[in-house]
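Geometric and topological summary
Spelled out, the chains give:
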Amino acid sequence: MEKMIKTENIRKVFRTEDVETWALNGVDIEVAKGEFVAIMGPSGCGKSTLMNILGLLDSPTEGSYCLNGTDVALFGEDERTALRKGVIGFVFQSFNLIDDLNVYENIELPLLYMGVPKKERKKRVEEAMERMDIAHRAGHFPQQLSGGQQQRVAIARAVVTNPKIIFADEPTGNLDSRKGIEVMELLKQLNGEGTTVVMVTHSLRDASYAGRVINMFDGQVATEIHQ
Ligand code: ADP
C-alpha cells in the first residue's frame, strides 16, 4: 500500500524560560493513501501537536516525517507552504471562516492564494458549493449561517483545491448531533472518492466512521484498532 504519511520517532518539545514540555515522545505512524484514520486520546496527550506537524503548520524537534513520499525536512518554507495549499485541506472545530468574506469568497480564497485564474475559480467554487449543498447561501456571511452550514462552507473551502489529504481537528465539536452526522457523512463520502482523511476526535460516534483508530497517551501511540 502506498503511504501518504509515515513518521519515525517524532518528538516535540515546547520550551519556555524554565519549563520544558515534551508533547510528543516518539511517534511512529503510517497512513496509507485512501485511509480514514481517527486519532483519539485524553486532553494533553499530544493530538493537536501531532496534527500541526502532520499538516506542516509546525516541525518536529526530532524524528522524520514523509508526506506523500517526500521527507518534509528537505523543504524550505516556500515549498512547505505550496504543499500545504496544494495537497492538504484543513477542517477545524471552530470553522475558521473569515467574517468579512461571504460564503463564495471564503471558499474562493485558497484558489486565489494559488493563483488560479478567475474563470476556473468560479467553476471550482460553484462545484464545491453544490457538493456541500451551500450554493443557496453564496452571498451570505458566516454569522448569518448555522454552525452546520458554516462547517459545510469550511469543508467546501478545504476540498476546493482537490487536496489529497484532509486533516480534520474535532470537526463536529461545535455541532449538534444531526449536523455532526451530516459533516461525518461528507467526510466519509470524500474518503470514498479517494481522499485520505486524518481526524482528531473525542467522539466515539465520529471515530466509528474511520477504518482505524489510533489511541494516543502521553505523547505516544498507545494502541491502534482496525475496525
Ligand atoms: P491534545 O491536543 O491531545 O489536547 P496538545 O498537543 O495540545 O494535546 O498538548 C500536548 C502537551 O504539549 C500539553 O502538555 C500541552 O500543554 C503542551 N503544549 C502544547 N502546545 C504548547 C505550546 N505552544 N507551548 C507550550 N506547551 C504546549
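Residues numbered from 1 in each chain as written. Predicted model: local features only at pLDDT ≥ 70, side-chain atom pairs only at ≥ 80, totals over all residues. Heavy atoms only, no water.

Topic: the pairing of strand β8 (residues 165-169)
Residues in a regular strand project their side chains so that they alternate between the two faces of the sheet. To keep things clear, this is the line we draw: Relative accessible area decides the class of each residue, using a 1.4 Å probe on protein chains only: under 20% of the type maximum gives buried, over 50% gives exposed, and in between gives partly exposed. The helix count covers DSSP runs of H or I at least four residues long, the strand count covers runs of E at least two residues long, and both are numbered beginning at the N terminus. A pair of strands counts as paired when DSSP detects no fewer than two bridges linking them.
Most of β8 is tucked away, with five of its five residues classed as buried. Side-chain alternation along β8 places Ile165, Phe167 and Asp169 on one buried face and Ile166 and Ala168 on a second face that is also buried. Here strand β7 (residues 88-92) pairs with β8 via five bridges, running parallel. Opposite Phe90, over in β8, you have Phe167 as the bridge partner.

Concerning the pairing of strand β11 (residues 220-226)
Examined bridge by bridge, strand β10 (residues 212-217) and β11 share six bridges and lie antiparallel to one another. Of the residues in β11, the one forming a bridge with Val213 is Ile225. Count of turn residues in the β10/β11 antiparallel hairpin: two residues, of which Asp218 carries a positive phi of about 55 degrees.

A few points about the site of the ligand
Applicable threshold: Near is defined per residue: the residue qualifies when any heavy atom it owns lies within 4 Å of the molecule or strand. N or O atoms within 3.5 Å of each other form a polar contact, as long as, within protein, one can give a hydrogen and the other can take it, and as long as residues adjacent in sequence are counted only when both atoms are side-chain atoms. Shrake-Rupley sampling with a 1.4 Å probe provides the accessible areas, and residues are treated as covered by the protein chains on show and by no other component. Amino acids are sorted into nonpolar (Ala, Val, Leu, Ile, Met, Phe, Trp, Tyr, Cys and Pro), charged (Asp, Glu, Lys and Arg) and polar (every other residue, Gly among them).
The environment of the ligand is made up of Phe14, Thr21, Ala23, Pro42, Ser43, Gly44, Cys45, Gly46, Lys47, Ser48 and Thr49. Backbone polar atom of Gly46 to an oxygen atom of the ligand: 3.0 Å apart, as the coordinates give it. In this structure, Ser48 approaches the ligand through a side-chain N or O atom, which is 2.6 Å from an oxygen atom. For the ligand, the accessible surface in isolation is 560 Å², of which the surrounding protein chains cover 59%. For the shell around the ligand, the elements supplying multiple residues, two or more each, are β2 (20-27) and α1 (47-54). At three residues, α1 tops the list of elements feeding residues into the shell around the ligand. Taken together, the residues that form the shell around the ligand break down as four nonpolar, six polar and one charged.

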